[in-house]
Amino acid sequence: MAKTRKNKTKKKRVANKMWGGRFASEPAAIMEKINTSIDFDRHLYRQDIAASKAHAAMLAKQRIIGADDARKIAHGLDTILSEIGSGKFKFKRSLEDIHMNVESRLGELIGSASGRLHTARSRNDQVATDFRLWMRDRIGELDALLAGYQQALAEKALQHAGTVMPGFTHLQSAQPVTFGHHLLAYVEMAARDRGRFADARRRLNDSPLGAAALAGTSFPIDRHMTSGALAFEQPMRNSLDAVSARDFVMETLAAAAIASVHLSRFAEEIVIWTSPLVGLVKLSDKFTTGSSIMPQKRNPDAAELVRAKTGRVIGALDAMLVVMKGLPLAYQKDMQEDKEGTIGALEALALSIDAMTGMVRDMEPDTARMKQAAGMGYATATDLADWLVRTLKMPFREAHHVTGRIVAKAAETDLPLHKLPLAEMKKIEPRITPAVFGVLSVERSVKSRTSFGGTAPKNVRSQAQKWLKTLAKEQGEQRNRP
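Residues numbered from 1 in each chain as written. Predicted model: local features only at pLDDT ≥ 70, side-chain atom pairs only at ≥ 80, totals over all residues. Heavy atoms only, no water.

**Notes on the environment of valine 127**
By the secondary structure assignment, valine 127 is in helix H7 (residues 123–159). A relative accessible area of 10% means that valine 127 is categorised as buried. In the structure, valine 127 is positioned 28 residues away from histidine 99 in sequence and 7.9 Å away in space, judged by C-alpha atoms. Setting aside chain neighbours within four positions, we find valine 127 in contact with His99, Arg246 and Lys339. (Helix = DSSP H or I, 4+ residues; strand = E, 2+ residues; numbered from the N terminus. Buried < 20%, exposed > 50% of the residue type's maximum accessible area, 1.4 Å probe, protein only. Contact = heavy atoms within 4.5 Å.)

Here it is as structure tokens:
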């Protein structure tokens, strides 16, 4: 009877082999459910296997494990990589995470040699390394998508460098601009977004591997070797920081949130512009949907969904900040929450960039409607005030007052500025000459805005061409990288 009880105890211990000898029974079902992360950290399988191969090679070089065991480990890890890539690998929730799923399968493939892989490391430094590698890869993908978005915008801007449209402040007609100039504003925003991601990538590119659980290890490991093998800049200098830092996640999500806001602003404009009440831009069937009940509808759903997905990205940043705000050093299980929201947020951002790029290439402005709208609301009033300053040497504040009275007169007679009779203008300012009409058309207005960064068509062409040249150079450099 005693022998039977002993065997049962032994069986329970074997069932929970990842914890070794400390735990004698399996966790409760709800504990397994809340504790497991394989449903989302399986996304990190390539990075996990790459880090494990680098670690095994270093252990062998340092003679911490035998060369034969290292070869078996490397071969087994390559097999697992192939199995996961082909969809043959069976992930097990009972094994919690990607690390233990890989390690368990490695044991099945190569036997006891697999147990040597975890020498001189912990899941704490392992997951920190994997996630940095994954984030680095995602940043590279997002940068490429943003560059494609910039190219689509710059090409469209060059095509419409002289297409006049209304410029707005407070959603009210302000001054005429060109459609190309408007699009280039988003090229500039995307450039800053790319810069923020590049900054985040630079700061996250240090290796936690070898920090072990929190205090380093007594084994004679070479952290510089594994850091170089994984293309990190250097090993992290403090083992506590290495396993517990998640600012690289927060910084990347902050960059993602800002980029999403920029996309959302443009998406909102597309929604407004495509409304029949505004009618400045048209999208084809490729980026619109219909209604189940109203056959006439053409809804800009792609733009609306880009606008909505911004909430998911901002939410992921907020959640990450809240998770980390009260955590003492070093690793805490709370940090497991860093991946699910981040993975979803960056996937949403990538999809949004793709969708916006497609809409930019697809959209067609109604140039006649744009030109008509550009002159509404007395949009060339500032041009009149500037003419008074230049020609009559009038102080700007006085010119502003005189122009305001002329605009009021035009509104009273329901006429646009360029059709208000000169005699009516002279009643307000006798020195005005017929030359004033040379600045009151929307075309003349945009052509006059030649200051650096202004909307003059020649400026827009120059800036669009410079951006296209810069982007082409970047593409060439990327193709030539080893």
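What follows continues from the structure just given.
**Section: the pairing of strand E2 (residues 172–178)**
Two elements, strand E1 (residues 164–169) and E2, share 6 bridges in a ladder whose sense is antiparallel. Directly across from valine 164, in E2, lies its bridge partner threonine 178. If you look at the hairpin formed by E1 and E2, you'll find 2 residues sitting between the two strands, and histidine 170 has a positive phi there, around 60 degrees. (Pairing = 2+ DSSP bridges.)

**Remarks on the pattern of salt bridges**
For the structure on display, the rule yields 29 salt bridges. Salt-bridge contacts for aspartate 285 lead to arginine 298; the nearest nitrogen and oxygen are separated by 2.6 Å. Remark: arginine 298 occurs in the loop between strand E5 (281–282) and helix H12 (301–324) and aspartate 285 occurs in the loop between E5 and H12; sequence separation between them is 13 residues. We classify arginine 298 as partly exposed; its relative accessible area is 46%. Residue lysine 371 is joined to glutamate 443 by a salt bridge in which the shortest nitrogen-to-oxygen separation is 2.5 Å. Here glutamate 443 lies in helix H18 (residues 442–448) and lysine 371 lies in helix H14 (residues 367–374), a separation of 72 residues in the sequence. On the accessibility criterion, glutamate 443 (28% relative accessible area) is partly exposed. Connected through shared salt-bridge partners, Glu83, Lys92, Arg105 and Glu108 make up one network. (Salt bridge = Lys/Arg side-chain N within 4 Å of Asp/Glu carboxyl O.)

**A short note on the packing of helix H15 (residues 381–392) against helix H16 (residues 396–412)**
With their axes 9 Å apart at the nearest point, H15 and H16 run at an angle of 135 degrees to one another. Taken together, H15 and H16 sit at an angle that is classed as oblique. As H15 packs across H16, the resulting crossing turns out to be right-handed. In this structure, H15 uses Ala381, Leu384, Ala385, Asp386, Leu388 and Val389 to contact H16, whose residues at the interface are Phe396, Ala399, Val402, Thr403, Ile406 and Val407. Along the lines of polarity and charge, the residues of the contact of H15 with H16 split into 10 nonpolar, 1 polar and 1 charged. (Axes fitted to C-alpha atoms, helices over the stretch in contact; angles between N-to-C directions. Parallel < 35°, antiparallel > 145°, perpendicular 65-115°, else oblique. Left-handed = near helix turned anticlockwise from the far one by under 90°. Nonpolar A, V, L, I, M, F, W, Y, C, P; charged D, E, K, R; others polar.)

**Digging into the nonpolar core**
Among the nonpolar cores identified, the biggest contains 66 residues, and Tyr149, Phe197, Phe266, Met356 and Met359 are the most heavily contacted of them. Taken together, the elements giving at least two residues each to this core come down to H7, helix H8 (179–204), helix H11 (247–274), H12, helix H13 (337–362), H14 and helix H19 (457–480). By residue number, the principal contributor to this core is H11, which donates 14 residues. (Core = buried A, V, L, I, M, F, W, Y, C linked by side-chain atoms within 4.5 Å.)

**Some remarks on a nonpolar patch on the surface**
Side chains of Ile30, Met31 and Ile34 sit close together on the surface and give an oily, nonpolar patch of about 340 Å² of accessible area. Inspection of the secondary structure assignment puts methionine 31 in helix H2 (residues 29–35). (Patch = residues over 30% accessible without salt bridge, like charges linked within 9 Å, V, L, I, M, F, W, Y side chains within 5 Å. Areas by Shrake-Rupley, 256 points an atom, 1.4 Å probe, with all protein chains shown as cover.)

**With respect to the packing of aromatic side chains**
A ring pair, where both rings are aromatic, is described by two values, the distance of the centres and the angle of the planes. Taken as a whole and judged by the stated rule, the model has 6 aromatic pairs. Ring centres of phenylalanine 179 and tryptophan 273 lie 6.0 Å apart, and the angle between their planes is 65 degrees; this geometry places the pair in the edge-to-face category. Residue phenylalanine 179 is found in helix H8, and its partner tryptophan 273 is found in helix H11; the two are separated by 94 residues along the sequence. Across the pair, exposure class does not vary: phenylalanine 179 and tryptophan 273 are buried alike. With a centroid separation of 4.3 Å and 15 degrees between ring planes, the pair formed by tyrosine 186 and phenylalanine 266 is classed as stacked. Of the two residues, tyrosine 186 is situated in helix H8 and phenylalanine 266 in helix H11; the sequence distance between them amounts to 80 residues. Judged by relative accessible area, tyrosine 186 falls into the buried class, the value being 5%. Ring pairs connect the aromatic residues Phe179, Tyr186, Phe266 and Trp273, which therefore count as one cluster. Over the ring of phenylalanine 232 we find arginine 136; its NZ or CZ atom is 5.1 Å from the centre of that ring. Over the ring of phenylalanine 131 we find lysine 339, and its NZ or CZ is 5.7 Å from the ring centre. (Phe/Tyr/Trp six-rings, centres within 6.5 Å; stacked < 30°, edge-to-face > 60°. Lys NZ or Arg CZ within 6 Å of the ring centre and 35° of its normal.)

**Regarding unusual backbone geometry**
With omega at 5 degrees, the peptide bond leading from leucine 329 into alanine 330 counts as cis. By the secondary structure assignment, alanine 330 is in the loop between H12 and H13. Even without a glycine there, the phi angle at leucine 171 is positive, about 60 degrees. Examined against the element boundaries, leucine 171 turns out to sit in the loop between E1 and E2.

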